[in-house]
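Descriptive structure summary
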Amino acid sequence: MSHIILLGMNHKTAPVEIREQLAVACRQEVNPLHMLPHLDHVDELIFLSTCNRVEFLFTCGAQAEGIAEIKALLRTHVGLPSSIPLDSYLYVHQDLEAVKHLFMVASSLDSMVVGEPQILGQLKGAYRSAVEFRTVKMVLNRLMHKSFSVAKRVRTETCIGSCAVSVSYAAVELARKIFGHIQDKRVLLIGAGEMAELAAEHFLRQGVRSMTVANRTLERAVELAARFKAETVPFDHLLDELKATDIVVSSTGAREPILSYRDVRSRMRERRNRPLFFIDIAVPRDIDPKVNEIDNVYVYDIDDLQGVIEFNREERLSQARSAEHIIDEETIKFKNWMKSLNAVPTIVSVREKAEKIRQNELRRTFSQLPDLGEREKEAIEILTSSIIKKLLHDPIMFLKKKAQRDSRAVYMDFTLQLFNLIEGIDEVAAAQVESEKAEDRPFLKAAKK
Amino acid sequence: MESLFLVIATLCYLCGTVGYLIYLLKDREVLHRIAWTILLVGAIFHGAALVVRGVGTGHFPLTSIREAISLFAWVFVVTYLVVQLKLQLRILGSFVSPLAVIFMLSSRLLPTQAILAKESFRSGWLIAHVTSIFLANALFAMLFSLGIMYLLQERRIKKKNFGLLYERLPSLDRIDSIANVCLMSGFPLMTAGLITGFVYATMIWRSPWNWDPKEVLSVVTWMIYAILVHERLAVGWRGRRAAWLAILGFSATIITFVLANLLLTGHHSVISGNLYG
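Worth saying up front: this structure is predicted, and the values here are computed from it rather than measured.

Quick look at the overall build of chain B
- On a plain count of helices and strands, chain B comes out with 9 helices and 0 strands.
- Along the chain direction, N to C, the helices and strands of chain B fall in the order α-α-α-α-α-α-α-α-α.
- Here chain B holds 277 residues, and the buried ones make up 45% of them.
- Summarising the internal contacts of chain B: among those between residues at least 6 apart in sequence, 78% fall at separations of at least 24.

Some thoughts on the interface of chain A and chain B
- Counting residues at the interface gives 16 residues for chain A and 15 residues for chain B.
- A total of 4 residues in the side of chain A that touches chain B trace back to one element, the largest contributor, which is helix α6 (residues 160-179) of chain A.
- Residue classes in the side of chain A that touches chain B are distributed as 5 nonpolar, 5 polar and 6 charged.

Thoughts on the environment of A:Lys401
- Structurally, A:Lys401 is set in helix α14 (residues 374-402).
- Note: C-alpha distance between A:Lys401 and A:Ala343 (58 residues apart in sequence) is 9.2 Å.

Some remarks on the nonpolar core
- If you look at the biggest cluster of nonpolar residues, it comprises 184 residues, and the most contacted ones within it are A:Ile46, A:Leu189 and B:Leu143.
- When residues of this core are assigned to their parent elements, the largest contribution, 17 residues, is made by helix α5 (residues 124-159) of chain B.
- Those residues within four positions of A:Leu189 in sequence are excluded, and the remaining contacts are A:Ala196, A:Ala200, A:Met211, A:Val213, A:Ala214, A:Leu224 and A:Val249.

Looking at unusual backbone geometry
Residues and elements named next belong to chain A.
- If you check the backbone angles, Ser108 has positive phi at about 70° while not being a glycine.
- Within the secondary structure, Ser108 sits in the loop between α3 (96-106) and α4 (118-132).
- Overall, the presence of 26 C-beta atoms within 10 Å leaves Ser108 in the buried class.
- Unlike most non-glycine residues, Arg134 shows phi in positive territory, near 55°.
- Inspection of the secondary structure assignment puts Arg134 in the loop between α4 and α5 (138-157).

Here we look at the environment of A:Phe228
Residue and element names in this part refer to chain A.
- Tracing the sequence through the fold places Phe228 in helix α8 (residues 218-228).
- Take Phe228: there are 18 C-beta atoms within 10 Å of it, and that puts it in the partly exposed class.
- Along the chain, Phe228 and Ala200 lie 28 residues apart, while their C-alpha atoms are 7.9 Å from each other.
- The residues touching Phe228, leaving out its near neighbours within four places in the chain, are Ala200, Leu204 and Met211.

Quick look at helix α4 (residues 92-109) of chain B
Residue and element names in this part refer to chain B.
- Helix length check: α4 (18 residues) gives 27 Å between terminal C-alpha atoms against 26 Å at 1.5 Å per residue, within 8%.
- For α4, the complete set of buried residues consists of Leu92, Gly93, Ser94, Phe95, Val96, Ser97, Leu99, Ala100, Phe103, Met104 and Ser107.
- Contacts from the buried residues of α4 go to α1 (2-25), α2 (29-57), α3 (65-87) and α5.

What to know about the sheet that holds strand β4 (residues 91-94) of chain A
Residue and element names in this part refer to chain A.
- In spatial order, the strands read β2-β3-β1-β4; together these 4 strands make up an open sheet with antiparallel pairing. Of all strands in the sheet, those bounded by a partner on one side alone are β2 (42-49) and β4. Looking at each pair of strands side by side, their axes are set apart by 15° on average, direction ignored.
- Relative to β4, strand β1 (residues 3-10) is paired through 4 bridges, and the arrangement is antiparallel. Bridge pairing links Ile5 to Gln94 in β4.
- Packing of α3 onto the sheet brings it into contact with β1, β3 (53-60) and β4, and relative to β1 it is tilted by some 50°.
- Along the sheet, α5 makes contact with β1, β2 and β3, crossing β2 at roughly 35°.

Remarks on the pairing of strand β6 (residues 210-215) of chain A
Residue and element names in this part refer to chain A.
- Burial analysis of β6 places 5 of its 6 residues in the buried class, which makes it a mostly covered element.
- Pairing of strand β5 (residues 186-190) with β6, which is carried by 5 bridges, proceeds in the parallel orientation. Bridge pairing in β6 links Ile190 to Ala214.
- Each parallel crossover has a hand, and for β5 linked through helix α7 (residues 194-205) to β6 it is right-handed.
- One ladder, built from 4 bridges, connects β6 with strand β7 (residues 231-234); its direction is parallel. Looking across to β7, one finds that Asn215 is bridged to Pro234.
- Once you follow β6 into α8 and on to β7, the crossover reads as right-handed.

Some thoughts on the packing of α3(B) against α5(B)
Residues and elements named next belong to chain B.
- Put simply, α3 and α5 touch, their axes get as near as 9 Å, and they point 60° apart. Considering their axes alone, α3 and α5 lie oblique with respect to each other. For the element pair α3 and α5, the recorded crossing hand is right-handed. Two secondary-structure elements touch here, α3 through Leu71, Phe72, Val75, Phe76, Thr79, Tyr80 and Val83 and α5 through Phe134, Leu135, Asn137, Ala138, Leu139, Ala141 and Met142.
- Looking at side-chain class alone, the contact of α3 with α5 contains 12 nonpolar, 2 polar and no charged residues.

Conventions and cut-offs
Residues numbered from 1 in each chain as written. Chains lettered and ligands numbered in written order. Predicted model: local features only at pLDDT ≥ 70, side-chain atom pairs only at ≥ 80, totals over all residues. Helix = DSSP H or I, 4+ residues; strand = E, 2+ residues; numbered from the N terminus. Buried ≥ 20, exposed ≤ 12 C-beta atoms within 10 Å, placed from the backbone. Contact = placed C-beta atoms within 7 Å. Nonpolar A, V, L, I, M, F, W, Y, C, P; charged D, E, K, R; others polar. Core = buried A, V, L, I, M, F, W, Y, C linked by C-beta atoms within 7 Å. Expected span 1.5 Å × (residues − 1). Pairing = 2+ DSSP bridges. Axes fitted to C-alpha atoms, helices over the stretch in contact; angles between N-to-C directions. Right-handed = clockwise from strand over helix to strand, strands pointing away. Parallel < 35°, antiparallel > 145°, perpendicular 65-115°, else oblique. Left-handed = near helix turned anticlockwise from the far one by under 90°.

If you want it as structure tokens, here you go:
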């Protein structure tokens, strides 16, 4: 049976320098997907790259070889010198963990700002190019579609999504309370995360005309600048830029604060004490919290902003929990579908379905014909069961024959659709989630860490 | 007649204040319009009372500390009404109108003993002195209210602790720029008031400076505002510190204006009584 593997790095595991290098390399003309024919062990491949993550999702028969191939692909594609140890930044999720991780990513639970809506679009983009390159087949096809519907479910059934949108809304409202009119204010974007883009878009829509982008990698800055009609400044000139800026949206994902109390304090005199508003979206924070103590300087980090919209911590946690519950449920559904791709369970569920129909019909007939004696009843039972057996004989023989081939999954999936067995799988999954919760779900726990 | 008008005026100021306090809690524009109109009616009655008093006694109604405060309260309310028309910062009324009531009521409690001879109002210098000082003080009282508004709002934004007031108070920048208007128009008036005062003093006592406590306090107050103006123009001082300094300045103004007249001895004082003996 083939394995689903997800290999990548995100803002939690890799320092920003490494991630940006990867993201830039991956934004080149050459998509790593075109290398698939040269990979012997990888069957299907999807490549996702955003400013905060780089991930390869693939299926392979032999796990170790597949992972090694993808790692090599990552290294050669990016042109990373071998002196940089990649392994410590990477995570590798297998099978269910990979599925769960993908669902988390799609529903924006793994994002820097939980609930930001852009990741789903990026994931769809990644899927689209995989379709163009014909690198997805049945398993990843279904997995990706499933992840989109999971994201949709999470979005509609929890308030995770409104959380991020209102964060940028709250930021604009606060800016209004500080500056009055924000149209003539100057916004500086430091770093270029999804959430920063969302906030920038919001500020633009509210009439801000002057925007500057500072990013460690110039390409990304130029790209953003083009989108927001902004100027770019070199990252090293950040402090000088503070003189002319009123609102700073920061999301670099650096490990240490990039602006200290001293940096900002000394700039305040030069800017004649005009108020300065920092929106620090990064986790860990980009702006030293002490900066908030400086007169006329206001620093809001992501927690503060979420506090503004009265989304208290408890509420957010419980929203995240219910989102995770949805994801667990969907993960198990997917697991059951994967299982069904083996011949035996498929055959079993075809038989089960037929048997279930037979029993229902028998019950109905017997209740309508109360005069039937035991002999007649027995005859009808034998009759119906032999009809089913004979009818199913050829399909089952066919499935058993295909069970030895590599392409069996296609036939199994087709069978599931033909007999409409997927719905049944989903119903069972919901119940299974509950029971597995009681067992404390070892694999899900591991994924959380 | 005069006292009836004063009672009506006081009641109007009280009702206006209540209206503005409700407006602080409930964002209804009609509340503001009603309260503003009531204050206007109060100011008309108050003005009528002052005129009646002036005509009755045959001099400018400023011979006692009570009259002075009453006149100041009137100037203050009229200044507010005009500023409101010009700048449209409605919530300012909620902070200004209670001050008007305080001034009005305190004028009832203060002694009526004369501090200035009637004849002195023949001098144009004294009238110029009093008018500009009163206008300056009215603007500084406004500045004080704005300072309090600023500090309340600033604290909410800094401490990230929001409440009803956060919603109702305007943006920091708005408060600050209106405070700037008040300061920049009040300060030249105060300067002019001091200069005319010195000219008048030279004419009466043959010396511009007599170490009168009120003179000293006035200069101290002037210096506080001078620092504020200088820092604003030179270093762009604003915000919290400017607000605190405005509050300090107005406290000094109150001390100069009221306490010096009541407690200390000098030409402006009640206790020294006979000034021109």
